[in-house]
Amino acid sequence: MKSLNRENLIYVLIISFFTIFLFYFTKEHYFWSDDYGYILGTKIFIQLNEKGIGITDAVSIIWPGNHYVPFFSYYNQFMPDRAEHFHLIIICAHGLTSYFLLLICKEIYNVKHFPLLASMFYFFNMGINSAAINYNMLSPHIIVSLTGILSIYFLIKYFKSNNRIHFLLLQTLFLILTTFNFEISFLFLKIIYILIFFYP
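We now turn to the structure provided with this report. Since the structure is predicted, the reported quantities are computational estimates derived from the model, not experimental observations. (Residues numbered from 1 in each chain as written. Predicted model: local features only at pLDDT ≥ 70, side-chain atom pairs only at ≥ 80, totals over all residues. Heavy atoms only, no water.)

1. Some thoughts on unusual backbone geometry
Logical step 1: At glutamate 50, a residue that is not glycine, the phi angle is positive and equals roughly 55 degrees.
Logical step 2: Relative to the elements of secondary structure, glutamate 50 occurs in the loop between helix 2 (35-49) and helix 3 (55-60). (Helix = DSSP H or I, 4+ residues; strand = E, 2+ residues; numbered from the N terminus.)

So this is what it looks like as structure tokens:
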């Protein structure tokens, strides 16, 4: 157990370093293009109406392009007004996703060095993540990945803990948040479906 905790601590330090590294090299970040409608538009709407977007409001919003994204509509109002600060939160979410991927790999396939390599591969795989990291409007893909990975993690913990109900409740919560974000969420629905029916 002490060895596992030490490994996790070392990984947290490693991923924190690389999160700072990634932010430093992508910090020249500005709101542009769709950011004006989706991100700054939300801020302007709230200022004009002098009240925030409630949960019932978020559920009823249909964004341009017929995007139905209630979770994005709700949490977007709490994101920073400055593009650099907004971007920092997204980079931190990306690092946190990588950490939980490490924990998932340890739960299901704890071969020496594999969890570390898998999580670092995810963190640095710009073929998957570059657009979302470099373009604030695509940041929901990072948030979807975080909530989706958390949903998978708590599902695995549920299976391995003799079906403790609090893990199932957490899994359900993060699955709902994932589903009601952008369309990439359906990838995680497929993964969870496979895990439910084929997990050993």
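Now that the structure is up, let's keep going.
2. Observations concerning the layout of surface pockets
Where empty space is left in the structure can be found by rolling a water-sized probe over the atoms.
Logical step 1: The volume enclosed by the largest pocket comes to roughly 280 Å³.
Logical step 2: What lines the largest pocket is a set of 18 residues, and nearest its centre among them are Tyr122, Ile128, Asn129, Ser145 and Ile184.
Logical step 3: Residue assignment for the lining of the largest pocket shows that the elements contributing at least two residues are helix 5 (83-108), helix 6 (114-124), helix 7 (126-134), helix 8 (140-160) and helix 10 (185-198).
Logical step 4: Along the walls of the second largest pocket sit Glu7, Ile10, Tyr11, Ile14, Leu102, Lys106, Asn110, Val111, Lys112, His113, Pro115 and Leu116, which together make up its complete lining.
Logical step 5: Taken together, the elements giving at least two residues each to the lining of the second largest pocket come down to helix 1 (2-25), helix 5 and helix 6.
Logical step 6: The element that contributes the greatest number of residues to the lining of the second largest pocket is helix 1, accounting for four residues.
Logical step 7: A per-class count over the lining of the second largest pocket returns seven nonpolar, two polar and three charged. (1 Å grid on protein atoms, 1.4 Å probe; cavity = no way out; pocket = protein on both sides within 12 Å on 5 of 7 lines; lining within 4 Å. Points joined across faces, edges and corners; volume = space filled by probe spheres on them. Nonpolar A, V, L, I, M, F, W, Y, C, P; charged D, E, K, R; others polar.)

3. Remarks on the nonpolar core
Logical step 1: Within the largest apolar cluster, 49 residues are counted, with the highest numbers of intra-cluster contacts made by Phe72, Phe100 and Ile152.
Logical step 2: For this core, the element with the highest residue contribution is helix 8, accounting for twelve residues.
Logical step 3: Residue contacts for isoleucine 152: discarding those within four places in its chain leaves Ile104, Phe188, Ile191, Ile192 and Leu195. (Core = buried A, V, L, I, M, F, W, Y, C linked by side-chain atoms within 4.5 Å. Buried < 20%, exposed > 50% of the residue type's maximum accessible area, 1.4 Å probe, protein only. Contact = heavy atoms within 4.5 Å.)

4. Some thoughts on the packing of aromatic side chains
Logical step 1: For the structure on display, the rule yields 20 aromatic pairs.
Logical step 2: Ring geometry for tyrosine 11 and tyrosine 99: centres 6.1 Å apart, planes at 25 degrees, overall stacked. Within this pair, whereas tyrosine 11 is found in helix 1, its partner tyrosine 99 is found in helix 5, the two being separated by 88 residues in sequence. The same class applies to tyrosine 11 as to tyrosine 99, namely buried.
Logical step 3: Centroid distance phenylalanine 72 to tyrosine 75: 5.8 Å. Interplanar angle 90 degrees. Geometry classified as edge-to-face. One end of the pair, phenylalanine 72, and the other, tyrosine 75, are both in helix 4 (residues 70-75), three residues apart, so they sit about a helical turn from each other. The same class applies to phenylalanine 72 as to tyrosine 75, namely buried. (Phe/Tyr/Trp six-rings, centres within 6.5 Å; stacked < 30°, edge-to-face > 60°.)

5. Some remarks on the packing of helix 5 against helix 7
Logical step 1: The interhelical angle for the contact between helix 5 and helix 7, taken along N-to-C directions, is 155 degrees, at an axis separation of 10 Å. Between helix 5 and helix 7, the crossing angle belongs to the class labelled roughly antiparallel. On helix 7, the residues that touch His87, Ile90, Ile91 and His94 of helix 5 are Asn129, Ala132 and Ile133. (Axes fitted to C-alpha atoms, helices over the stretch in contact; angles between N-to-C directions. Parallel < 35°, antiparallel > 145°, perpendicular 65-115°, else oblique.)

6. Things to note about the side chain of serine 119
Logical step 1: One can find serine 119 in helix 6.
Logical step 2: Assessed through its relative accessible area of 0%, serine 119 is described here as buried.
Logical step 3: Among the polar contacts listed, one links the side chain of serine 119 to the side chain of tyrosine 11, at a separation of 3.0 Å.
Logical step 4: Sequence-distant contacts of serine 119, that is, excluding residues within four places in its chain, are made with Tyr11, Ser98, Leu101 and Leu102. (Polar contact = N/O pair within 3.5 Å; in protein donor to acceptor, adjacent residues only side chain to side chain.)

7. Section: the side chain of asparagine 76
Logical step 1: Within the secondary structure, asparagine 76 sits in the loop between helix 4 and helix 5.
Logical step 2: If near-sequence neighbours (up to four positions away) are discounted, asparagine 76 is found in contact with Tyr38, Ile39, Thr42, Lys43 and Phe86.

Distances and angles like these do not, on their own, reveal function.
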